[in-house]
Each structure stands twice: as structure tokens, then as C-alpha cells.
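Okay, here's what each chain looks like letter by letter:
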Amino acid sequence: MTPKVSIVVPVYNVAAFLPECLDSICAQTLKDIEIIVVNDGSTDNSLEIAQSYAARDERIKVLTKENRGYGHTMNLGFAEAKGAYIGIVESDDCARPEMFETLYELAVKNDADVVRSNYWNMSQNGTQFDLVDVLNLCDAPYESSFDTVNHPDILRGSPAIWTAIYKASFLKENDIKFLETPGASFQDTGFALKVFTSAKRMVITRKAFLNYRVDNAGSSVKSGAKMYCVCDEYASFEEHLARSPERARAFRYVIPSKKYETYVWNYNRLDASLKPEFMERMSREFGDAQSAGNLKRSAFQDVEWGELEELIKDPAAFAGRMLSVQYPPQDFKEHQRTRCANGELSRMRMYASFIKHLIQ
């Protein structure tokens, strides 16, 4: 019998968090699920933990393999999935009980390619939670189906691939997979961009279900081998999008803006010895985008545009400097509505906050 949702859990040395993760998935109110745990050559007792859960819950299937990286792990899990829809829960995160039932009901109601939700940033010890709006930088609607070509700024929001479920046939028909470069990073980037630009029926709910454990993602990158991982992700994505010229035109100007945001984040994390080489790469790629007529002033904030023009002309001038990404301010009313939808404040308090914000 085909499960409604397959949930893929990538595992690599997460023994400290894996029980909490698997407990949260097993407790889902949607019972017709399969749980595919893919062990990527863990050297701790993560595999033993997963196997002990599988012995108690027949919905759990454990796959184990040599360490070949996140992309290979995810593709293996997706290939094994039998569900009509596929979701992801990272093994150090956890899902609130109604997550997959809510997403699946929205998916069926709208015959959706993708259903996304908001999420919670969770502290390492699991005691503090901050609500995140995935649509903060986009004018797409909540709670109704839309084609992403009509809202290209969808790319500017949080990738957060683990807040969603994906129709299995949609992924197959659009040949959407993860890159499998061993040891690479950012392998959710290309996947997210391929999904966001391909989806003709996306639905996003204000509700937040996934507790995302915040780690030390801002730590310095000292490995030259990892320096260009994010470039590989964008190259794979752009090659994928080029197969659909009409959709590519819709995202023509927002892609360089999103790429700049991602590249700057990567550049600022690099060890000082690696920055000049990556800056040369940035200068070359954005120079090519400028020559192709794909850079649009309105797609960038003021400080970003000024630095972008400068780095294209003279990348050496940025030696030792940090680059800037200037996010537009969060939409106050939209975030208050999201807080209300997730029980953080009452409707009365929400409207009171609107009035207070108006008179300030």
C-alpha cells in the first residue's frame, strides 16, 4: 500500500539528537507514513539508535552505506520513497505532531507540487524558539496555490527544504535531485532553487511546524576544497533552469540577486587566505551576468549594488574587506499575523500592535 508521505531522515553522527528527532516523527498525527532513515557511515552509535527504533515501529526503514555526503544520502532516500509526497526532517531537528497531516491535507486539496510552512529556530538545548516567516522577502500569498513564475522573489526567502513536502511525481518529472559531490556543502541550495523555479502549484501555510536546531553555521571555512561548493550548486541549478526558457525568463533578474546574497555569505566566512581567489570568481561570474543583461538595479539594495559594481570592475580592491547584504526590513504586519496564526499572540493583541505601530 502506498503511504501518503515518505519522510527521509539523513543521519551522520547525530546520536545526541536522533532519539528526539525520531520520537517526533513517530508521534505524527498522520499515521500513514513511512520513515526512511539513511545512515551515511556514522562512526558513533547513530545506526544502532535508528535500528532500535525500526525494531519497534514497522514504518521505519533503515538504510546504511559508506560516507558519501549529504547529496548522495538524500538521493538514496528519495529513490527508496514510496509515498505520494516526500518530506525531510534533519536528524538534529524535530517536527511538531500535526506537521505532516496539515501539509498533506493542503497538498491534496490543492493538487500541489509543493507545500511549505514556516518554522521555528530552536536553540541548541531546545529551550528557545524564534518564529521565521519563509515569505518575508516575497509577495507570494499564504494559504493559496500559486505558480512561482508569478512571484519570482520566492527565491529570496529562506530555502528551508525541511519545512515542506514534495509531490514525488513532480520531482521525477522535473528531474530534481541533489548534487552528490563527496564532502561538499550547501547541497540543499541547488535542490531548493530547482524546486522553487519549477513549481507550478505551490502552497505555503503560515503555520510553523519544524523546530530547526541552530548550529554554528557562521564558523570560518578554511578548506579550499569547500570554497566553490556553493558555485557548483548554482551552476547545476542554472543548467537545470535553462531547460525551461520561459520560466528562466521569469527569474532572470532575481537569480543574480539571490546568488549575490549567497556568494557574499560564503565569501565572508572564508579564511583570509581564500578570499582573493573567491573574489576573482565572483567578479568574473557577475561580470558575465552584467554582459548578458541580467543585472537589474532594482533587484539589489543600495549598498549591495555599489559593492557589486565595484567588485566587477576591480576585485583586488576588496582585499581584506567584508561584503554586505542588506535585507529589506521584515514586514511588521505580516509577521504579527504569522505570530497570531501560531498562537504567539491573540487576535486582539495583534490588532493592538498594528495601531501602536501606526502611531509610532
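Remember, predicted model here, so these are calculated numbers, not experimental data. (Residues numbered from 1 in each chain as written. Predicted model: local features only at pLDDT ≥ 70, side-chain atom pairs only at ≥ 80, totals over all residues. Heavy atoms only, no water.)

S.K.: Is there a simple way to explain the overall build of the chain in this structure?
M.R.: Along the chain, the regular secondary structure elements total 14 helices and nine strands. Rg of the C-alpha trace for the chain: 21 Å, near the compact-globule value of 21 Å for 360 residues, within the 12% margin. Looking at charge distribution, the chain has the averaged site of its 43 positive side-chain charges lying 4 Å from that of its 50 negative ones. (Helix = DSSP H or I, 4+ residues; strand = E, 2+ residues; numbered from the N terminus. Rg over C-alpha atoms; globule rule 2.2 N^0.38 Å. Lys, Arg positive; Asp, Glu negative; His and termini not counted. Charge placed at Lys NZ, Arg CZ, Asp CG, Glu CD.)

S.K.: Would you explain the packing of helix α13 (residues 332-341) against helix α14 (residues 347-359) in this entry?
M.R.: The description of two helices packed together rests on the angle between their axes and the distance between the axes. The contact between α13 and α14 brings their axes to 9 Å, and the two run at 165 degrees. In terms of orientation, α13 lies roughly antiparallel with respect to α14. The handedness of the crossing between α13 and α14 comes out as right-handed. Note on element contacts: α14 touches α13 through R347, M350, S353, F354 and H357, opposite F332, K333, Q336, R337 and C340. (Axes fitted to C-alpha atoms, helices over the stretch in contact; angles between N-to-C directions. Parallel < 35°, antiparallel > 145°, perpendicular 65-115°, else oblique. Left-handed = near helix turned anticlockwise from the far one by under 90°. Contact = heavy atoms within 4.5 Å.)

S.K.: Sorry, what's going on with helix α8 (residues 229-241) here?
M.R.: Within an α-helix, residues lying three or four positions from one another point in the same direction, as the helix has 3.6 residues per turn. Taking 1.5 Å of rise per residue, 13 residues should cover 18 Å, and α8 covers 19 Å from first to last C-alpha, within 8% of that figure. For α8, the complete set of buried residues consists of C229, V230, C231, E233, Y234, S236, F237, H240 and L241. (Expected span 1.5 Å × (residues − 1). Buried < 20%, exposed > 50% of the residue type's maximum accessible area, 1.4 Å probe, protein only.)

S.K.: Would you mind going over the pattern of salt bridges with me for this structure?
M.R.: Note on pairing: side chains with opposite charge can pair once their charged atoms come close. The final tally for this structure, using the stated rule, is 17 salt bridges. Here K259 and E238 are joined by a salt bridge, their closest N and O atoms 3.0 Å apart. Of the two residues, K259 sits in helix α10 (residues 254-269) while E238 sits in helix α8, which places them 21 residues apart along the sequence. Residue class for K259 comes out buried when judged on its relative accessible area of 8%. You can call E238 partly exposed: its relative accessible area is 31%. (Salt bridge = Lys/Arg side-chain N within 4 Å of Asp/Glu carboxyl O.)

S.K.: Teacher, can you tell me more about α13 here?
M.R.: Within α13 the residues assigned to the buried category are H335, Q336, T338 and C340. Where the residues of α13 are buried, they touch β6 (114-122), β7 (129-132), β9 (202-213) and α14. Residue D331 occupies the N-cap position of α13, its side-chain oxygen lying 3.2 Å from the main-chain nitrogen of K333. Just downstream of α13, G343 is the residue with a positive phi angle, here 75 degrees. (Polar contact = N/O pair within 3.5 Å; in protein donor to acceptor, adjacent residues only side chain to side chain.)

S.K.: Even after reading the chapter, I still don't get unusual backbone geometry, so can you show me in this structure?
M.R.: Glycine aside, residues mostly have negative phi angles, and peptide bonds mostly take the trans form. For N13, which is not a glycine, the phi torsion comes out positive at approximately 50 degrees. Although it is not a glycine, D111 adopts a positive phi angle of roughly 45 degrees. Tracing the sequence through the fold places D111 in the loop between α4 (99-110) and β6. Take D111: its relative accessible area is 46%, and that puts it in the partly exposed class.

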